[in-house]
Amino acid sequence: MKRRVILEVSVALACVMVCLAVWLFASMLTAPEPIAERESETEPEPEYTHFVILDPGHGGEYPGCIRGGVEEKALTLEICTRIRDKLRESAVDALMTRETDVTVTLDERCEIANASEAELFVSVHVNSYPEEAIAGLESYFYKGSESGKALSDSVLAHAESAGIRTRYSREGNYQVIRDTKVPAILVETGYMTNPAELELLMSADYQDKLAEAIAGAIVEYLGSAE
Ligand SMILES: [Zn+2]
């Protein structure tokens, strides 16, 4: 009788041990991952050291210049988006006054810039002229703005060294560079009325080259202004 009790207790203990082992094993399998490992799975928030505004000219009900079915508003948005992406690779964040084909008035563009903490404002357009022969990039700054001139001259220099045809960097009286408080420029990236330049402006390679030159000038300006 006594031996039977010992046997029963032993069997019960063995059962408890097995159950405990199974429970431990199961809990190891379902254990949450260490926090460090989980965090490494998500992309870290990018750290931007500067902030600028990019202003794609026209949009929505204002197409700008139209040549051969191509609208200026589409080209300016394409070029600005490329500038923004390149700036973000250089730790410069950029807000665009429009990211889609919507109407934004000139007043609203200035308000966006003035209400922001941006360090500079770059408006992008594509030019037109009655004479087809006229071609090349132009960059404008508001009169008396030394910082605007420095940035504008730098855009021209970067474009020239990238092999982009240029005309000049000079004073202009456009509302978006006059009524914005931060250093501001307006870049006319080329002439849609020059057939060869229009062809270039429509190509992804050339848009990328323009974006690289303008983004390069912005990064250089921000670096020297620190
Ligand atoms: Zn325009």
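Residues numbered from 1 in each chain as written. Predicted model: local features only at pLDDT ≥ 70, side-chain atom pairs only at ≥ 80, totals over all residues.

Visitor: Provide a residue-level description of the overall build of the chain, including the pertinent values.
Guide: On a plain count of helices and strands, the chain comes out with eight helices and eight strands. Looking at the 226 residues of the chain, the share that counts as buried comes to 37%. Sequence separation of 24 or more characterises 77% of the internal contacts of the chain that already satisfy a separation of 6 or more. (Helix = DSSP H or I, 4+ residues; strand = E, 2+ residues; numbered from the N terminus. Buried ≥ 20, exposed ≤ 12 C-beta atoms within 10 Å, placed from the backbone. Contact = placed C-beta atoms within 7 Å.)

Visitor: So what about the nonpolar core? Which residues, and what values?
Guide: With 50 residues, the main nonpolar core has Val 52, Val 122, Ile 185, Ile 214 and Ile 218 as its most contacted residues. Residue contributions to this core peak at ten residues, all from helix H8 (residues 204-224). The contacts of Val 52, once residues within four sequence positions are left out, are Leu 87, Val 92, Ala 94, Ala 118, Glu 119, Leu 120, Val 122 and Ile 218. (Core = buried A, V, L, I, M, F, W, Y, C linked by C-beta atoms within 7 Å.)

Visitor: Let's hear about the sheet that holds strand E5 (residues 121-127): which residues, and what values?
Guide: As summarised here, the arrangement of the six strands in space is E4-E1-E5-E8-E6-E7, forming an open sheet in which the pairing is mixed. Two strands lie at the open edges of the sheet, namely strand E4 (92-96) and strand E7 (166-172), each paired on one side alone. Direction aside, the axes of adjacent strands within the sheet are offset by 25° on average. Where E5 meets strand E8 (residues 184-191), six bridges bridge the pair, whose relative direction is parallel. Bridge pairing links Phe 121 to Ala 184 in E8. Contacts from helix H5 (residues 146-161) reach strand E6 (137-142), E7 and E8 within the one sheet, and its direction differs from that of E6 by about 170°. (Pairing = 2+ DSSP bridges. Axes fitted to C-alpha atoms, helices over the stretch in contact; angles between N-to-C directions.)

Visitor: Describe the packing of helix H3 (residues 72-89) against H8, listing the residues and the values that go with them.
Guide: Contact geometry of H3 with H8 gives a least axis separation of 8 Å together with a crossing angle of 50°. In terms of axis orientation, H3 runs oblique to H8. Handedness of the H3/H8 crossing: right-handed. Between H3 and H8, the residues in contact are Glu 78, Ile 79, Arg 82, Ile 83, Lys 86 and Leu 87 and Gln 207, Asp 208, Leu 210, Ala 211, Glu 212, Ile 214, Ala 215 and Ile 218, respectively. When its residues are assigned to classes, the contact of H3 with H8 shows eight nonpolar, one polar and five charged. (Parallel < 35°, antiparallel > 145°, perpendicular 65-115°, else oblique. Left-handed = near helix turned anticlockwise from the far one by under 90°. Nonpolar A, V, L, I, M, F, W, Y, C, P; charged D, E, K, R; others polar.)

Visitor: Report on the environment of Tyr 221, specifying residues and quantitative values.
Guide: Positionally, Tyr 221 belongs in helix H8. Along the backbone, Tyr 221 and Leu 151 are 70 residues apart, and their C-alpha atoms lie at a distance of 6.1 Å.

Visitor: Would you mind going over unusual backbone geometry in detail, with residue names and values included?
Guide: Residue His 58 is not a glycine yet carries a positive backbone phi of 65°. Topologically, His 58 is positioned in the loop between strand E1 (50-56) and strand E2 (66-67). Despite not being glycine, Ala 91 shows a phi value in the positive range, around 65°. Considering the arrangement of structural elements, one finds Ala 91 in the loop between H3 and E4. A count of 13 C-beta atoms within 10 Å places Ala 91 in the partly exposed class.

Visitor: Tell me about H8, and please be specific about residues and values.
Guide: A rise of 1.5 Å per residue sets the reference length of H8, with its 21 residues, at 30 Å; its end C-alpha atoms lie 30 Å apart and thus fit the reference within 8%. Among the residues of H8, Gln 207, Leu 210, Ala 211, Ala 213, Ile 214, Ala 215, Gly 216, Ala 217, Ile 218, Val 219, Tyr 221 and Leu 222 are the ones counted as buried. The inward-facing, buried residues of H8 abut E1, H3, E4, E5, H5 and E8. (Expected span 1.5 Å × (residues − 1).)

Visitor: Before we move on, could you go through helix H7 (residues 195-202) and cite the residues and values that matter?
Guide: Turning to H7, its buried residues number three or more, namely Glu 197, Leu 198 and Leu 201. Projected down its long axis, H7 carries its buried residues within an arc of 105°, all on one side. Exposed residues lying more than 90 degrees from the buried face of H7 are Ala 196 and Glu 199. Contacts made by the buried residues of H7 are with E2, strand E3 (70-71), H3, E5, E8 and H8. (Arc of directions from axis to C-beta.)

Visitor: Describe the environment of Leu 186, and please don't skip the residues or the numbers.
Guide: Within the element layout of this structure, Leu 186 appears in strand E8. Classification of Leu 186 by C-beta neighbours within 10 Å gives buried; the count is 24. Along the backbone, Leu 186 and Gln 175 are eleven residues apart, and their C-alpha atoms lie at a distance of 9.9 Å. Excluding residues that lie within four positions of it along the chain, Leu 186 makes contacts with Ser 123, His 125, Tyr 140, Gly 172, Tyr 174, Val 176 and Ile 177.

Taken by themselves, the reported measurements are silent on function.
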